[in-house]
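A closer look at the structure
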Amino acid sequence: MSENTTTNTGASKKGGAASGLLFDAILIAIISCLVAVCVVRFGGPYLSAPAERKSIAVVNFEKLVQEYIMGLSEQVSTGAVPVGEMTAKSAAFTSELQQRLRAHADNGTTVLRSDVVIVAPDDLVDITDSLRGELVAAGFLPKEPAKTAQPPAR
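1. Quick look at the pattern of salt bridges
Summed over the entire model, instances satisfying the criterion amount to four salt bridges. Here E96 ties to R100 by a salt bridge, and the two come within 2.6 Å at their closest N and O atoms. Taken together, the residues span about one helical turn, with E96 and R100 both in helix α4 (residues 86–106) at a distance of four residues. Here E96 falls in the buried class, since its relative accessible area comes to 14%.

2. Observations concerning the confidence of the model for the protein
Of the residues in the protein, 79% reach a pLDDT of 70 or more, and the chain-wide mean stands at 82. In the model, residues 149–154 has pLDDT below 50 throughout and makes one contact with residues more than four positions away in sequence or in other chains.

3. Examining the packing of aromatic side chains
What the rule picks out here adds up to two aromatic pairs. A centroid spacing of 4.0 Å and a plane angle of 0° characterise the contact between Y68 and F93, whose relative ring orientation is stacked. Residue Y68 is found in helix α3 (residues 61–78), and its partner F93 is found in helix α4; the two are separated by 25 residues along the sequence. Of the two residues, Y68 and F93, both sit in the buried class. Ring centres 6.3 Å apart and planes at 55° place the aromatic pair F93 and F140 in the tilted group. With F93 in helix α4 and F140 in the segment after α5 (128–137), the pair connects residues that are 47 residues apart, well separated along the chain.

Conventions and cut-offs
- Here, residues in each chain are numbered from 1, in the same order as that chain's written sequence.
- Reporting of local features is limited, given that this is a predicted model, to residues whose pLDDT is at least 70; pairs of side-chain atoms are given and counted only at 80 or more, and all residues count toward the totals for whole chains, interfaces and linings.
- Side-chain metrics in this entry use all non-hydrogen atoms of the structure; hydrogen atoms and water are not considered.
- Here, a salt bridge means any side-chain nitrogen of Lys or Arg that lies within 4 Å of a carboxyl oxygen of Asp or Glu.
- Under the scheme used here, helices are H or I runs from DSSP no shorter than 4 residues and strands are E runs no shorter than 2 residues, and both carry numbers assigned from the N terminus.
- The cut-offs for exposure are 20% and 50% of the maximum accessible area for each residue type, with area from a 1.4 Å probe on protein chains only; residues under the lower value are buried, those over the upper are exposed, and the others partly exposed.
- One number per residue, pLDDT, summarises how confident the predictor is, and it ranges from 0 to 100.
- Between two residues, a contact is recorded if the distance between any of their heavy atoms is within 4.5 Å.
- Classification of ring pairs uses Phe, Tyr and Trp, with its six-membered ring standing for Trp, and accepts pairs whose centres are within 6.5 Å; under 30 degrees between planes counts as stacked, over 60 as edge-to-face, and the remaining range as tilted.

Here it is, written out as structure tokens:
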């Protein structure tokens, strides 16, 4: 009997290896795409640059209002402003102050009262003086601050 034996020259193995390599490359590409999509979709907060800090400023609201009231009282006591106009003048001052503060808010700045801030960073901006300057220019506050009543020295 004669045996018919075929020898494997490796042609079929090479074809199998090439197709296996192609399959591996496609599988790696698919996994890479899935990982990239997951990173883009869910990794944004962890991989992006830190958000820019919002601008925060403080104003000594009480000081400005007290200065206005002292100035208005002085004008009324000297007769420069009739008593009947006090309410209208106070409403105009309040409206102007709110408008100036709203302008800061519209520019992206959060404005807090300085007397309620307990702890703040060193770069916190106090806009009291600049706001006072704007109110002086608008004619609501005198150029020189009104002298507030000081308690007697002991």
